[in-house]
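Each chain, written out:
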Amino acid sequence: MERRDFLVGAGTLAATTTGLRGLAQDDPEAVKDTIRALYSYYAALDKAKYRAVLTEDYVLLENGEVLDISGDLALMPASGAVYRRTDAFDFRSVRVRGEMAYAVYFLTSEITDPTGARHRKWLESVILRRAGNGWRVALLHSTRIPTPGG
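Here the structure is a predicted model, which is why all the values come from computation and not from measurement.

1. A closer look at the environment of Arg 84
Move 1: Relative to the assigned elements, Arg 84 resides in strand E3 (residues 84-97).
Move 2: Residue Arg 84 is classed as exposed on the basis of its relative accessible area of 58%.
Move 3: In this view, Arg 84 contacts Glu 110, Ile 111 and Thr 112; residues no more than four positions away in its chain are not counted.

Rendered as structure tokens:
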């Protein structure tokens, strides 16, 4: 193999690998995975991991309130609390636009805590910003959908 053939082959491999990595970052599934991870950390009551998925200027819009990171974390049950949560997502739209992405989805949750078991549903939108090879949540807007008897 001549040196020229080796360099062309190595360059092609590098370009292909870089291109695939770029596609993976722009893949809407990566955005969905970040949102699912956020909720799995909440369900596990893991404030450190939950916090790590949020940007420094994160904002939560919920129940007519505007909350920052500390306000959101204050809503999370204390570690060791009797708390179970199962979440299901129905993604309606996920768009990646350079360093930003946004998603619109319905969230359905089965929640059990000391007050009992509840079925909840929300319409949510999320804005995410690229962070290294992944995404972090910058804004979460959550609108609860009333359910019969709930």
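2. Comments concerning unusual backbone geometry
Move 1: For Leu 45, which is not a glycine, the phi torsion comes out positive at approximately 60 degrees.
Move 2: Overall, Leu 45 belongs to the buried group, its relative accessible area being 11%.
Move 3: A positive phi angle, close to 55 degrees, is found at Asn 63, a residue other than glycine.
Move 4: Mapped onto the fold, Asn 63 is located in the loop between strand E1 (54-62) and strand E2 (65-67).
Move 5: In this structure Asn 63 comes out as exposed when scored by relative accessible area, which is 61%.

3. A few points about the nonpolar core
Move 1: Ranked by internal contacts, the top residues of the largest apolar core, which has 30 residues, are Val 31, Ile 35, Tyr 50, Tyr 58, Tyr 105 and Val 137.
Move 2: Breaking this core down by element, the ones donating at least two residues are helix H2 (28-43), E1, helix H4 (69-75), E3, strand E4 (100-113), strand E5 (116-131) and strand E6 (134-145).
Move 3: The residues contacting Val 137, other than those within four sequence positions of it, are Thr 34, Leu 38, Val 53, Leu 54, Thr 55, Tyr 58, Val 126, Ile 127 and Leu 128.

4. Remarks on the pattern of salt bridges
Move 1: What the rule picks out here adds up to eight salt bridges.
Move 2: A salt bridge links Glu 29 to Lys 32, with the shortest nitrogen-to-oxygen separation between them at 3.2 Å. Separated by three residues within a single helix, Glu 29 and Lys 32 lie in helix H2, roughly one turn from each other.
Move 3: Residue class for Lys 32 comes out buried when judged on its relative accessible area of 18%.

5. Quick notes on the side chain of Glu 124
Move 1: Inspection of the secondary structure assignment puts Glu 124 in strand E5.
Move 2: Although buried, Glu 124 forms no salt bridge, and the nearest oppositely charged side chain, Arg 85, lies 6.1 Å from it.
Move 3: Among the polar contacts made by the side chain of Glu 124, one reaches the side chain of Tyr 105 at a distance of 2.6 Å.
Move 4: A polar side-chain atom of Glu 124 sits 2.7 Å from a polar atom in the side chain of Ser 142.
Move 5: Setting aside chain neighbours within four positions, we find Glu 124 in contact with Tyr 39, Ala 103, Val 104, Tyr 105, Leu 107, Leu 140, His 141 and Ser 142.

6. Comments concerning the confidence of the model for the chain
Move 1: Summarising the model, the chain shows a mean pLDDT of 86, and 82% of its residues fall at 70 or more.
Move 2: Element-level pLDDT for the chain is lowest in helix H1 (residues 3-25), with a mean of 42, against a maximum mean of 98 in E1.
Move 3: Low confidence marks residues 3-23, where pLDDT is under 50. Its contacts with residues over four positions away, or in another chain, come to one contact.

7. A word on H2
Move 1: For H2, which comprises 16 residues, the first-to-last C-alpha distance of 23 Å matches the rise-based estimate of 22 Å (1.5 Å per residue) to within 8%.
Move 2: Of all the positions in H2, only Val 31, Lys 32, Thr 34, Ile 35, Ala 37, Leu 38, Tyr 39 and Tyr 42 are classed as buried.
Move 3: The N-terminus of H2 is capped by Asp 27, whose side-chain oxygen sits 3.0 Å from the backbone nitrogen of Glu 29.
Move 4: Once H2 finishes, Leu 45 follows within two positions and takes phi at roughly 60 degrees, a positive value.

8. Brief notes about the sheet that holds E2
Move 1: With respect to topology, six strands assemble into an open sheet ordered E2-E1-E6-E5-E4-E3, the strand pairing being mixed. The strands lining the two open edges of the sheet, one partner per strand, are E2 and E3. Strand-to-strand, the axes of this sheet are offset by a mean angle of 20 degrees, without reference to chain direction.
Move 2: Pairing of E1 with E6 involves five bridges; the strand directions are parallel. The partner of Leu 60 across the bridge, within E6, is Leu 140.
Move 3: Contacting E1, E3, E4, E5 and E6, H2 crosses the sheet at an angle of about 155 degrees to E3.

Criteria and thresholds
Residues numbered from 1 in each chain as written. Predicted model: local features only at pLDDT ≥ 70, side-chain atom pairs only at ≥ 80, totals over all residues. Heavy atoms only, no water. Helix = DSSP H or I, 4+ residues; strand = E, 2+ residues; numbered from the N terminus. Buried < 20%, exposed > 50% of the residue type's maximum accessible area, 1.4 Å probe, protein only. Contact = heavy atoms within 4.5 Å. Core = buried A, V, L, I, M, F, W, Y, C linked by side-chain atoms within 4.5 Å. Salt bridge = Lys/Arg side-chain N within 4 Å of Asp/Glu carboxyl O. Lys, Arg positive; Asp, Glu negative; His and termini not counted. Polar contact = N/O pair within 3.5 Å; in protein donor to acceptor, adjacent residues only side chain to side chain. pLDDT = per-residue confidence, 0-100. Expected span 1.5 Å × (residues − 1). Pairing = 2+ DSSP bridges. Axes fitted to C-alpha atoms, helices over the stretch in contact; angles between N-to-C directions.

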